[in-house]
Each structure stands twice: as structure tokens, then as C-alpha cells.
There are 2 protein chains.
Amino acid sequence: MAAERSGAGDPRRTLDLLWRAGSGGGPRRPARGRRPRISVDRIVVAAVTVADRDGIGAMSMERVAEALGAGTMSLYTHVPGKAELIDLMVDAVLAERDLPGAGQARPDGWRARIELYAARTGDLHRRHPWLHQVSLVRPPLGPGLLAQEEYLIAALTDSGLPPDDVAAAAGAVAAAVDAAASSAAAADRAEHETGQSDASWWAARSSFWERDFDDERYPAIAALWRAGGLGRDAREVATRAGTFGLARLLDGIEARATAAGAGGVRGG
Amino acid sequence: MAAERSGAGDPRRTLDLLWRAGSGGGPRRPARGRRPRISVDRIVVAAVTVADRDGIGAMSMERVAEALGAGTMSLYTHVPGKAELIDLMVDAVLAERDLPGAGQARPDGWRARIELYAARTGDLHRRHPWLHQVSLVRPPLGPGLLAQEEYLIAALTDSGLPPDDVAAAAGAVAAAVDAAASSAAAADRAEHETGQSDASWWAARSSFWERDFDDERYPAIAALWRAGGLGRDAREVATRAGTFGLARLLDGIEARATAAGAGGVRGG
DNA sequence: TGGAATTACCGTATGGCATACGGGAATGTA
DNA sequence: TACATTCCCGTATGCCATACGGTAATTCCA
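Keep in mind that this is a model prediction, so the values were computed, not measured.

Undergrad: Give a detailed account of the pattern of salt bridges, specifying residues and quantitative values.
TA: Here the structure, examined in full by the defined rule, presents 26 salt bridges over all chains. R211 of chain B is the salt-bridge partner of D16 of chain A, the closest N and O atoms lying 3.8 Å from each other. Residue D16 of chain A is found in helix α1 (residues 11-18), and its partner R211 of chain B is found in helix α10 (residues 206-212); the two belong to separate chains. Using a relative accessible area of 37% as the deciding quantity, one classes D16 of chain A as partly exposed. A salt bridge links R126 of chain B to D123 of chain B, with the nearest nitrogen and oxygen atoms 3.1 Å apart. Placement of the pair is R126 of chain B and D123 of chain B together in helix α6 (residues 110-127), with a separation of three residues, close to one helical turn. One network of salt bridges, with partners in common, ties together R12 and D16 of chain A together with R211 and D212 of chain B.

Written out as C-alpha cells, the structure reads:
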């Protein structure tokens, strides 16, 4: 799969679009000129709808325009191009998690807060399985992403980690949660887009075990297989790996934070 | 970015291509007919070269054929389609890590073995920065992927984890290492493909901090920023998060394995 | 030696895509 | 009513994957 490029185009224009609902009270219509029939918000909603239903690969400018009953080129009046539209889609859905911000009610304990984050992110990927296909290097610096960063950094600051480790920990937690959520979602997406269940995908490859796999070349896999330690259903495998991985990562962070607390607060 | 679909097409045909160099002593030319000018291997090498240089987005059948001095449609004699070619590319580069298999010399200790895996995977993504853009749900079941699974499962089996946890742990470690390696590589790729350094990307967005960012809405980010805990260079941030995350994950696994060992081996 | 069979190469055509360009329509103000 | 402003969108360009079918090279066999 070729990935979408994110964070391209004129930066200021994109930032204005990302924060359009923010400071200033929304986009106000100019005093003169023809009345717009479509808007950035409607375009983003339509694009997300198309991507949810048919995958990000089917989200073409033509399809989005069609969904809005507009001409393809009309979109370009409101949005610089497809790359920027994807940035807007990503930030919009990230914001859907509605993570409690500063001053709002949050779960007690930093670990519970991270687990809320993981649960919301899992739901998010279930609703928008195309999300993991968009690369987030140079991410859209919009409210959705910032809410995520604020939430994670706040929780991990409270964990007692030394400040130098907080950013790295936030990155690691975000990566772990994302990997878990998106691989589970990807299993669903693969079933939905190809119309082939995971079981039948494996069944079509049963010859692999007979003809290509070699017990002597891969003894550890073979042993685990015989011990029944290898799952079959892709979603379940992904979910188990994600849950296990996040739990162990948080264990490790907790141990580190405890050690830092004991060593850092002298005579504590 | 729209992602490539992997694992599509006729399964048996794809498996045969993936294992072409394996049992049977390579693809033998049929007794009759015109002599082939290109081969699957040459196509895969050319495709990887193109993707390495110009990104997976530039890897079109036309470009690959051109690199081989052949007509575009000639590729389809050897490869069913682009999706399958990408599977072959992925498995080929995964195999480049040349992880020591059963019977070969390996580092002492399961943790050192995982760290070798992480290092090799980091190099791999540095050489082939397009790799993280290919989704690996329903992955190509070729020698490259199997070598990875064998290596991880063997190492984690030796860690002392209960068998039920080994597969999940292998998945979690693979995900963590992949996330670390690919986000670091993606930072490079972004610089290379857009011709814009990370510093200048941020500089172009300096207005973000002045106009869009709000200290009161994001107090934890602001505090960490003032404490100097937020890095600037994308590659360094990604590397730190990856290193930290993997270390903590392995800490957590180790603790779990120790506990299981103590509890599991009665009267040990 | 000359088909016939087999295999590989590839030109052309189709339909989809993003998007540059520029004309035309609708709306406001003077 | 004239004009500026803003928006809508048809057309054209160039890239893409790939289906189809013709053609070239090679070997086998009569």
C-alpha cells in the first residue's frame, strides 16, 4: 500500500483550516460574493463517511464531491488539495475521542487515565479503520492531536517519571496504543474490504503449512503451534498482543517511576 | 496516504513466488519457448531500488519496467500484479536482516537477542524507508516474515514467559520495534521526499505556537515545553521514544517472566 | 528442413485518478 | 445598472494499473 503524505502544502493555510472552529468564532462568510453551497466542514464529514464505508483508497475527490452533490473541482475552492483534506480528516476524528482536558473530570490514577485513552482509541479505530493507513510523521498540528498530546503528557507527568522521560514515554504509549488499536481494526478492515473472512483467508493458504513450512527450519514456531500457543483469528491475536504489550509497557513505566521517586525525593 | 493492500490475489500463485528460491532448487526454465529477458528476482530488485530512491509512491509498474529496459506489460508475465509485487518486495527486504536461525550462533540471553532484532530492524528501515507504509495485516507468508517470527518466538520462549503469553509478547515486541524503527525512518523519508529538513518544517509552522497554541488549554504541554522536555528534531524524538518504550516493555516482560518462573516451578 | 507448440514480450486501449486553468454564475455594493 | 467579489465546475493533461490480443523467439517433432 502506498501511504498518504501528510503535512504537505502551505503551512499557514493548513493551520488556519485545522483551527477554523477555534479562536475567532468560526469561519465568517465574506460580505460580498456568491453564497457557498458547501463548506470545509461538510467536505470533511463527507470524506470521512466515504473512507469509513469504502476505505481510504476509495476516498477520491470525485467520490467526495459526488456525495455532496457538487462538482469535483468545487472542493478545491475550500480545500487546497487531497493531502490537506486528509490532514483535516485525521485531526477531526482524533478529536472525536473527546479526552477530558485540563479542568475536566478524569479517572483517578495515571494508569487508569492511560487505559481510558486506549479504550477510546480502540473505539476510534473501529469506527474509522482507515486511520492507521495515514502516516503521522509531521502530523496535522490541530486540536485533535494536541488534545491527545496534552492528555498523555499530563497523565505521564503525574506518573512520577522524571521530566526528561515524559515525552519519550508519551511517544511510546501512543505508539503502543496505536499499534494495538490499528492492527485490530486492520483485521476488520481486511475482512470488510476484501469480502473475505480471516478464517477463509487462512483456509486458502492451508497449503502453506503443507508445502512451504518446514518444522526443522522453524522449530520454535512449530513447538508453539503444537503447544496451542498460536491463535487463528487475526482480530483476537492482535487484541491479545496489544493488551499484553500495553500492560507490560505500563508495568515497566511504573517500575521506573517508582525507582525515580525513591531515588529522587531524598529522605522521602 | 492511501496504503497498499497486501495479501491479495491468488494465494497459491503468490506463495509459490514467495518461496521460489526455496525447496526445489530455484525456478527452472521450461524446456520450450522463448528465453525470458527478465525474472521475478530482477523485478523485485528493481522495484526495491526504485522505492528506496523515490518512495513507494513512485514505484509504478512503468518505472520498474523502465529500470529494467523492458515494456511495462512484460512485468505481468512474471508477477500477477502490483499488490503481489509489493508482497515480494516486503518479504525480500525482511529477509535482509539475516537473523540467526535455529542452530546458528545467537547472542547470549533473550534480551540481547531482542536488541539485536531491534538494531537490525532499525537498519532495515533506514535502508528501505518505504517499508512502514505497507500494511502487514495478512502479511506475505514468505521466508523473510517467518524468519522474524521464528527468531522472536524463540527468544521469548527462552525468556521464561508462560507459553500462552509468548505469541502475544512476540506481537508486542514486533510492534514496538517496528514503531520505533519506522518512525525514525519516516522522519528521514519526510526530509528526503519533500526536500525539506525537519527544522525548516517546524520553522514554517512557528506561527502555530504564536497564533494557535493556547497555554491555558494545554497546560501540561506548556509546562513540559518550559521544562525543556520537548525535543525538536523528529528523528531524535522518535529514537528516544522507541528506545525508551522497548526498554520498558522488556522490563515488564522480564518482571512477568520472573514472577511466572517463581510461581510456576513449584518448590523449584 | 519446416511446421506446430510453447513461451515471453509488449503496443494499444480503457477507465480512474489529482488537479491546473479559465469561463460562467450568483451575490453584494456603489 | 455596473462592477467587484466569490464561488461553481467543465475541460484538459498527464499519470496510473491492467485487460486484451498480436508478435517474436525458441524448441520439438515429423
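Read on, since the account is not over.
Undergrad: Got a sec to walk through the side chain of D91 of chain A? Specific residues and values, please.
TA: Residues and elements named next belong to chain A. As for its position among the elements, D91 is in helix α5 (residues 82-95). Among buried charged residues, D91 stands out as having no salt bridge; its nearest opposite-charge side chain is R20, 6.7 Å away. Leave out the neighbours within four places in its chain, and D91 touches L18, P140, G142, P143, G144 and L145.

Undergrad: Quick one: what's the story with unusual backbone geometry, residue by residue and with numbers?
TA: Residues and elements named next belong to chain A. For D98, which is not glycine, the phi torsion reads 55° and is therefore positive. Among the structural elements, D98 can be located in the loop between α5 and α6 (110-127). By relative accessible area, D98 is classed as exposed at 59%.

Undergrad: Go over the interface of chain B and chain A, please, and point to the residues and values.
TA: With 82 residues of chain B at the interface, the matching set in chain A holds 82 residues. When chain B packs against chain A, close to 6,700 Å² is buried across both sides, 65% of that on carbon and sulfur atoms. One can count four salt bridges joining chain B with chain A. Residues D212 of chain A and R12 of chain B are paired through a salt bridge, measuring 3.4 Å at the closest nitrogen-oxygen approach. Sorting the residues of the side of chain B that touches chain A by element identifies α1 (11-18), α7 (143-158), α8 (163-194), α9 (198-203), α10, α11 (219-226) and α12 (234-264) of chain B as the ones contributing at least two each. Considering each element in turn, the side of chain B that touches chain A owes the most residues, 19 residues, to α8 of chain B.

Undergrad: Describe the relation of the copies chain B and chain A, with residues and values.
TA: Rotating chain B by 180° and translating it 0.0 Å along the rotation axis places it on chain A, where the RMSD comes to 0.0 Å. Accordingly, the operation relating the two chain copies is best matched by a two-fold axis.

Undergrad: Explain helix α5 (residues 82-95) of chain B to me, using residue names and the numbers behind them.
TA: Residue and element names in this part refer to chain B. The terminal C-alpha atoms of α5 lie 20 Å apart, and with 14 residues this matches the ideal 20 Å at 1.5 Å per residue to within 8%. Regarding α5, the residues found buried are E84, L85, I86, D87, L88, M89, V90, D91, V93 and L94. Lining the buried residues of α5 we find α1, α2 (40-54), α3 (61-68), α6 and α7.

Undergrad: Residue-level account of the packing of aromatic side chains, with values.
TA: Tallied over the full model, the rule gives 14 aromatic pairs over all chains. Pairing W209 of chain A with F213 of chain A gives two aromatic rings, centres 5.0 Å apart and planes at 55°, and the pair type is tilted. Ring-pair connections join several aromatic residues into one group, and the members of that group are W19 of chain A together with F208, W209, F213, Y218 and W225 of chain B.

Undergrad: I'd like a rundown of the protein's contact with DNA strand D, residues and numbers included.
TA: Taken together, 26 residues lie around DNA strand D, and R37, M73 and H78 of chain A together with R35 and E62 of chain B are the ones closest in. Here G71 of chain A contributes a backbone N or O atom positioned 3.0 Å from a phosphate oxygen of DNA strand D. Between K82 of chain B and DNA strand D, the recorded distance is 3.0 Å, taken from a backbone N or O atom to a phosphate oxygen. Of all the secondary structure elements, the ones that give two or more residues to the surface near DNA strand D are α4 (75-78) of chain A together with α3 of chain B. Residues of the surface near DNA strand D, tallied by class, amount to nine nonpolar, nine polar and eight charged.

Undergrad: How would you sum up the protein's contact with DNA strand C? Please name residues and give values.
TA: Surrounding DNA strand C, one finds 27 residues, the nearest of these being R35 and E62 of chain A together with R37, M73 and H78 of chain B. Each atom of DNA strand C within 4 Å of the protein was assigned to sugar, phosphate or base; sugar and phosphate come to 69%. In the environment of DNA strand C, a phosphate oxygen lies 3.2 Å from a nitrogen or oxygen atom belonging to the backbone of M61 of chain A. Interatomic distance of 2.7 Å between a backbone N/O atom of R37 of chain B and a phosphate oxygen of DNA strand C. Sorting the residues of the surface near DNA strand C by element identifies α3 (61-68) of chain A together with α4 (75-78) of chain B as the ones contributing at least two each. Broken down by class, the residue content of the surface near DNA strand C amounts to nine nonpolar, nine polar and nine charged.

Here is what the cut-offs are and how they apply
Residues numbered from 1 in each chain as written. Chains lettered and ligands numbered in written order. Predicted model: local features only at pLDDT ≥ 70, side-chain atom pairs only at ≥ 80, totals over all residues. Heavy atoms only, no water. Salt bridge = Lys/Arg side-chain N within 4 Å of Asp/Glu carboxyl O. Helix = DSSP H or I, 4+ residues; strand = E, 2+ residues; numbered from the N terminus. Buried < 20%, exposed > 50% of the residue type's maximum accessible area, 1.4 Å probe, protein only. Lys, Arg positive; Asp, Glu negative; His and termini not counted. Contact = heavy atoms within 4.5 Å. Buried area = accessible area lost by both parts, 1.4 Å probe. Least-squares fit on C-alpha atoms with pLDDT ≥ 70 in both. Expected span 1.5 Å × (residues − 1). Phe/Tyr/Trp six-rings, centres within 6.5 Å; stacked < 30°, edge-to-face > 60°. Near = heavy atom within 4 Å. Polar contact = N/O pair within 3.5 Å; in protein donor to acceptor, adjacent residues only side chain to side chain. Nonpolar A, V, L, I, M, F, W, Y, C, P; charged D, E, K, R; others polar.

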